[in-house]
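Now for the letters of each chain:
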Amino acid sequence: MTEAVPAAPRTVSHDLPVTPELERFLASGWAATPLPDAIRLPAADLTPARRQRLSARFPGERLIVPAGALTVRSNDCDHRFRPHSAYAWLTGLTGEDQAGHVLVLEPDGPHRHEAVLYVRPRSPRTDSGFCRDRRYGEFWVGRRPDLAEAERMTGIRCVHLDGLDALPPGRNAATDAQLASALSELRLVKDVWEVEQLQLAVDHTAAGFEDVVRSLPRALAHPRGERWIEGVFGLRARAEGNGTGYETIAAAGAHACVLHWIRNDGLLDARQLLLLDAGVETDTLYTADITRTLPLSGRFSPVQRQVYDLVLAAQEAGIAALRPGARFRDFHRAAMRVIAEGLTEWGVLKSPEGDFHRRYTLCSSGHMLGLDVHDCAQARADAYLDGVLAEGQVLTVEPGLYLQPDDETLPPDLRGIGVRIEDDLVITADGARLLSGALPRTPDAVEAWMGELMAG
């Protein structure tokens, strides 16, 4: 006997039925409401050259760059939408209303492409979707540009999303590794406007770190102080930008030894350190990525300062190695040499040679930064990880020591201490410029800064 296949679950709507009379009433009596902010986007003058650079890599081929689709969080609630970074870079469009939209570069001669945006325009008032479509209806999620407004904002020819169904196949950034790599590599060097956006992200992030220090007395009194800190920083990120560029790490005590501690549910202890790794993402989607390790009492203990000083020395060595033409991996090697020598002086290692220091450092000492916190990650190794630095690249330098609480190779007083110091820098003609210099890095400066903020 063949077992019956269960029927697919039905989608249940909780909306009240709409009568024809109500339908007609809903579709009438609406004033014209042109979009007041449908003005040319800040990046619109930069995107044609970006698209031309991509076009030159794929002559005669149709290129498809989706913004991405909404993803269900639970039941009928979606995650907050953020367009794919390549789509944002090529169009200048960064809003939540871009879900489902697609940029297509149509071959227009052997060495040119025409950019066409396939978008879901504003629903006409004669279409009941504007008030009954929970995902895209204007009553539910707000006003979308119409086609003319979208063209004015971007300088790109815009057509209805429905036309995408008849489009012949082409290279799709969501599935084509070669196109994805090209889009990453083209973003490795930032233009002047992009560096300005990153500086803005860094400045907002610095303000968020100040907010956190001011909030420490209340956070220390809360049973989930880490989460209090996360919330304080998140307020600054949402007030000044699009939000956080990644999940905030607010790691107190031994939690700092967990590289991506985002649970943030721990109690704060004034005798311990707080590792705060956080970044504000601007409305144009460029993110900062900064880490400071702070004594929750406002003062480092001798052993905490010992660990902090070694990590700071490693970071200084890494920053000193940054210059155009240097290998990307050079700054990591310089930082790790300092770490290995320090661990040897402490008696933790027998020798700085080899890679045994990695037990206590765990990961690389930095990465590219831009529209993504780990920017340009699809770039080929010879263009990025095994490549050389170039003027205009923006990256982090972030060595750390993560001395696990149960690591019996360590002296007891070192166990459970995690320290990372992370700053954002832009490669210049003769070295690198610190974008995040507004935040103190030396232990004396950190203590003085914290004392002033906590006293206020």
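Residues numbered from 1 in each chain as written. Predicted model: local features only at pLDDT ≥ 70, side-chain atom pairs only at ≥ 80, totals over all residues. Heavy atoms only, no water.

Under an unreviewed UniProt entry, the name given to the protein chain is Xaa-Pro aminopeptidase, and the source organism is Streptomyces siderophoricus. The protein chain has a UniProt comment under Catalytic activity (unreviewed entry) that states "Release of any N-terminal amino acid, including proline, that is linked to proline, even from a dipeptide or tripeptide." The UniProt entry for the protein chain carries the following text under Cofactor (unreviewed entry): "Mn(2+)". (UniProt positions renumbered as here; feature names shortened; annotations may be inferred.)

S.K.: Would you explain the overall build of the protein chain in this entry?
M.R.: Broken down by element type, the protein chain carries twelve helices and 17 strands. For the protein chain, the C-alpha atoms occupy an extent of roughly 80 × 65 × 55 Å along the three principal directions. Here the protein chain holds 456 residues, and 49% of them are scored as buried. Expressed as a percentage of contacts within the protein chain between residues at least 6 apart in sequence, the contacts between residues at least 24 apart total 70%. Carbon and sulfur atoms form 54% of the exposed surface of the protein chain, whose accessible area is close to 22000 Å². Each charge class in the protein chain was averaged separately, 49 positive and 64 negative side chains, and the resulting centres sit 2 Å apart. (Helix = DSSP H or I, 4+ residues; strand = E, 2+ residues; numbered from the N terminus. Buried < 20%, exposed > 50% of the residue type's maximum accessible area, 1.4 Å probe, protein only. Contact = heavy atoms within 4.5 Å. Areas by Shrake-Rupley, 256 points an atom, 1.4 Å probe, with all protein chains shown as cover. Lys, Arg positive; Asp, Glu negative; His and termini not counted. Charge placed at Lys NZ, Arg CZ, Asp CG, Glu CD.)

S.K.: What's the story with the nonpolar core in this structure? I'm lost.
M.R.: One recurring pattern in soluble globular proteins is that nonpolar side chains are buried together. Counting residues in hydrophobic clusters, the biggest one holds 97 residues, and the most contacted among them are L54, I229 and L401. In terms of residues, this core owes the most to one element, helix α8 (residues 192–220), which gives eleven residues. When residues no more than four places from it in sequence are discounted, the contact partners of I229 are V212, L216, A219, A250, L268, L274 and L276. Among the nonpolar cores identified, the runner-up in size contains 16 residues, and L188, I319, F331 and Y384 belong to it. (Core = buried A, V, L, I, M, F, W, Y, C linked by side-chain atoms within 4.5 Å.)

S.K.: Before we go on, may I ask you to explain the pairing of strand β12 (residues 290–295) in this structure?
M.R.: Each regular strand displays side chains that alternate between the two surfaces of the sheet. The buried fraction of β12 is high, at six of six residues. A two-sided burial pattern is seen for β12, the buried positions comprising I290, R292 and L294 on one face and T291, T293 and P295 on the other.

S.K.: Would you explain the UniProt feature "domain: Aminopeptidase P N-terminal" (unreviewed entry) in the protein chain in this entry?
M.R.: When the UniProt feature table is mapped onto this chain, "domain: Aminopeptidase P N-terminal" (unreviewed entry) is found at residues 42–176. In the segment residues 42–176, helix accounts for 25% and strand for 21%; the C-alpha atoms at its two ends are 29 Å apart.

S.K.: Can you walk me through the packing of helix α2 (residues 47–57) against helix α7 (residues 177–186) in this structure?
M.R.: To describe two helices that pack against each other, one gives the angle between their axes and the distance between the axes. Interaxial distance between α2 and α7 falls to 11 Å at its minimum, and their mutual angle equals 140°. The angle between α2 and α7 places the two elements in the oblique class. Helix-helix and strand crossings are classified by hand; for α2 and α7 the assignment is right-handed. For the pair α2 and α7, the contacting residues are R53, L54 and R57 in the first and L179, A182, L183, E185 and L186 in the second. (Axes fitted to C-alpha atoms, helices over the stretch in contact; angles between N-to-C directions. Parallel < 35°, antiparallel > 145°, perpendicular 65-115°, else oblique. Left-handed = near helix turned anticlockwise from the far one by under 90°.)

S.K.: How should the side chain of E106 be read in this particular structure?
M.R.: Tracing the backbone through its elements, the reader meets E106 in strand β4 (residues 102–107). Judged by its relative accessible area of 14%, E106 falls in the buried class. One polar contact links E106 to R62, side chain to side chain, over a distance of 3.0 Å. E106 has contacts with R62, R112, H113, E114, V116 and L167, leaving out every residue within four places of it along the chain. (Polar contact = N/O pair within 3.5 Å; in protein donor to acceptor, adjacent residues only side chain to side chain.)

S.K.: What exactly am I supposed to notice about the packing of helix α10 (residues 302–320) against helix α12 (residues 443–455) here?
M.R.: Packing of α10 against α12 brings their axes to within 10 Å, and their N-to-C directions diverge by 115°. Contact residues: R305, Y308, D309 and L312 in α10; P443, D444, V446 and E447 in α12. In the contact of α10 with α12, the residues fall into four nonpolar, no polar and four charged. (Nonpolar A, V, L, I, M, F, W, Y, C, P; charged D, E, K, R; others polar.)

S.K.: Help me out: how do you make sense of the pattern of salt bridges in this one?
M.R.: Pairing is possible between side chains of opposite charge, provided their charged atoms come close. Under the definition given, this model contains 37 salt bridges. Of the charged contacts in the structure, one is a salt bridge between E114 and R157, with a shortest N-O distance of 2.8 Å. Of the two residues, E114 is situated in strand β5 (residues 113–119) and R157 in strand β6 (residues 157–160); the sequence distance between them amounts to 43 residues. On the basis of relative accessible area, R157 is assigned to the partly exposed category, the value being 40%. R143 is the salt-bridge partner of E149, the closest N and O atoms lying 3.2 Å from each other. What makes E149 buried here is its relative accessible area of 4%. (Salt bridge = Lys/Arg side-chain N within 4 Å of Asp/Glu carboxyl O.)

S.K.: Looking at this structure, I do not really get the packing of aromatic side chains. What am I missing?
M.R.: Given two aromatic rings, their pairing is described by the distance between the two centres and the angle made by the two planes. What the rule picks out here adds up to eight aromatic pairs. For the pair W30 and F139, a centre-to-centre distance of 5.9 Å together with 80° between the ring planes defines the contact as edge-to-face. Of this pair, W30 sits in the loop between α1 (20–26) and α2 while F139 sits in helix α5 (residues 138–141); the two residues are 109 residues apart in sequence, bridging distant segments of the chain. These aromatic residues form a ring-pair network of at least three members: W30, F130 and F139. (Phe/Tyr/Trp six-rings, centres within 6.5 Å; stacked < 30°, edge-to-face > 60°.)

S.K.: Just checking my understanding: could you explain the pairing of strand β15 (residues 417–420) for this structure?
M.R.: Judged by which residues are buried, β15 turns out to be covered on both faces: I417 and V419 on one side and G418 and R420 on the other are all buried. Pairing of strand β14 (residues 400–403) with β15, which is carried by four bridges, proceeds in the antiparallel orientation. Paired with G400 across the strands is R420, a residue of β15. (Pairing = 2+ DSSP bridges.)

S.K.: How should the sheet that holds strand β17 (residues 432–434) be read in this particular structure?
M.R.: The pairing of strands in a sheet happens through backbone hydrogen bonds and is either parallel or antiparallel. Read across the open sheet, the three strands follow the order β13-β16-β17; overall the sheet is antiparallel. At either end of the open sheet lies a strand with only one pairing partner, and these are β13 (394–397) and β17. Put simply, the sheet's adjacent strands are angled 35° from each other on average, direction ignored.

S.K.: What exactly am I supposed to notice about the sheet that holds strand β7 (residues 171–172) here?
M.R.: Reading across the sheet, the five strands line up as β6-β5-β4-β1-β7 and stay open at both edges, with mixed pairing between neighbours. The two strands at the open ends of the sheet, each matched to only one other strand, are β6 and β7. In this sheet, β6 lies alongside β5 in parallel orientation, the contact comprising four bridges. Considered in β6, the bridge of V119 is made with H160. The sheet contacts of helix α6 (residues 147–154) involve β5 and β6, and relative to β6 the element is tilted by about 150°.

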